[in-house]
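Each chain is listed here by its residues.
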Amino acid sequence: MIGIHSFLVRAAACAALVVVLASATPARADSVLDGIVVVVNGQIITRYEFDTRLAPLHEQMRGRTLSTAEMAQVEQVKKQVLDQMIDDILILHDADRYKIKVSDAEVDQQVKEFLTKRNLNEEQFKDNLAKQRMTREEFRRNMRRDIIKHRLIGGLVSAKVVVTDTEIENRYKERKAEYSKDSGVQLSILLLPAGMKAEELKADIEAGKTTFAEAANKFSKGPGLGQGGDIGVIAWKDLAPEWSDALQGLKPGQITKPLKVQDFEALLQVTGIKSGEETPLESVRDEIYQSLQEGKFEKAFQEYMEKLRQKAVIEYRTL
């Protein structure tokens, strides 16, 4: 693949300088002539603005002939980036409704912290701005909008996020193995080819019509071919959250619900459990709290955005 998943992560986080700068780039005077992609509550997103936000992806694709699967990924990225741009507009409109303001001193402080975190001196910062055809004032304007967004979300969403001691204790009991030192799980993986349904194959395996290993050797497009899909022992702490969630409570021989792995439908089978030294609750309380808080915040944020979208007038033109 072409590293599109990593671009998605960077675009969503907006941590890299090029993404921050690109997202702040204003439309040129003649940008409307490039076409309108979406109108959100009367505010337009132009083709120029959209293409500017996609610049890192265009750079990755330069000079490549993409496979059908890669082209599908590109379309997925484009949709996700456009959704992010629409969400930004909706959030800022809501911030106007609540009359959220940010002072010049606050913006100055954020710009200073931005440069410090990225180890950029003044000359390097100017060079980056020049490469993006952007002025300092335009960058400050984007920074101000970012502060407003975080302040609004913090006030409306974070206030709904409460994690109790009982929830922390229950999570610890449910996932004690995860919080044990050097604990892990031995897994086999099966990435299904296009057209095959993971739920149906899982039912066949559980009915005894075939084994997981036989199905993996015959059908899988992932690692462990010829070895029944075996990918060895993975530490619980190294598992992706969606994998960890799917594996909870499973015993050796059992299979997860279908997952998405690199755009494939996938199944995981637990083939062994590696026990570790039990870690006291108090040693991992903060870690569990953070995990629960992040999950609740994401749910509350999605509910907030869904309400904004339901009330919005969004007119799509063309991609």
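How each quantity is defined
Just so you know, the residues in each chain are numbered from 1, in the order the chain's sequence is written. For a predicted model such as this one, the threshold for reporting local features is a pLDDT of at least 70, and the threshold for listing and counting side-chain atom pairs is 80 or more; totals across whole chains, interfaces and linings nevertheless cover every residue. The side-chain numbers reported here are obtained from all heavy atoms of the structure, hydrogens and water having been left aside. Only strands joined by at least two bridges in the DSSP assignment are considered to pair. Strands here mean DSSP runs of E at least two residues long; helices mean DSSP runs of H or I at least four residues long; both are numbered from the N terminus. Here an axis means a line fitted to C-alpha atoms, over the contact stretch when the element is a helix, while the angle between two N-to-C directions is reported on a 0 to 180 degree scale. Contacts are assigned to residue pairs with any non-hydrogen atoms lying within 4.5 Å of each other. Remark: nonpolar core denotes a set of buried residues (Ala, Val, Leu, Ile, Met, Phe, Trp, Tyr, Cys) joined through side-chain atoms within 4.5 Å. When a residue's accessible area, from a 1.4 Å probe over protein chains only, is under 20% of the maximum for its type it is buried; when over 50% it is exposed; and in between it is partly exposed. Multiplying 1.5 Å by the helix residue count minus one yields the expected span of that helix. Each direction from the helix axis to a C-beta atom contributes to the arc, which is the arc of those directions.

1. Section: the sheet that holds strand β5 (residues 259–261)
One open sheet accounts for four strands, arranged β4-β3-β6-β5; its pairing is antiparallel. Each having just a single partner strand, β4 (230–235) and β5 make up the two edges of the open sheet. Strand-to-strand, the axes of this sheet are offset by a mean angle of 45 degrees, without reference to chain direction. Of the pairings in the sheet, the one linking strand β3 (residues 184–191) to β4 comprises five bridges and is antiparallel in character. Bridge pairing in β4 places Leu187 opposite Gly232. Together, β3 and β6 (264–274) form the strand contacts of helix α11 (residues 212–219), whose direction differs from that of β3 by roughly 45 degrees.

2. Section: the nonpolar core
As a rule of thumb, soluble globular proteins bury nonpolar side chains together. Membership of the largest hydrophobic core comes to 43 residues, with the highest contact counts inside it found for Ile91, Phe139 and Tyr304. At the level of secondary structure, the elements contributing two or more residues to this core comprise β1 (36–40), α4 (55–61), α5 (68–97), α6 (104–117), α7 (122–131), α8 (136–156) and α13 (281–311). Residue contributions to this core peak at 11 residues, all from α5. The residues contacting Ile91, other than those within four sequence positions of it, are Lys149, Leu152, Ile153, Phe301, Tyr304, Met305 and Leu308.

3. Describing α6
Helical geometry note: an α-helix holds 3.6 residues per turn, so side chains three or four residues apart project in the same direction. With 14 residues, α6 ought to run about 20 Å at 1.5 Å a step, and its terminal C-alpha atoms sit 20 Å apart, in line with that. Considered for burial, the residues of α6 that qualify are Val107, Val111, Phe114 and Leu115. In a view along the axis of α6, the buried residues occupy a sector of 90 degrees, so they form one face of it. Exposed residues lying more than 90 degrees from the buried face of α6 are Ala105, Lys112, Thr116 and Lys117. One or two steps after α6, the chain reaches Asn119, where phi turns positive at roughly 55 degrees.

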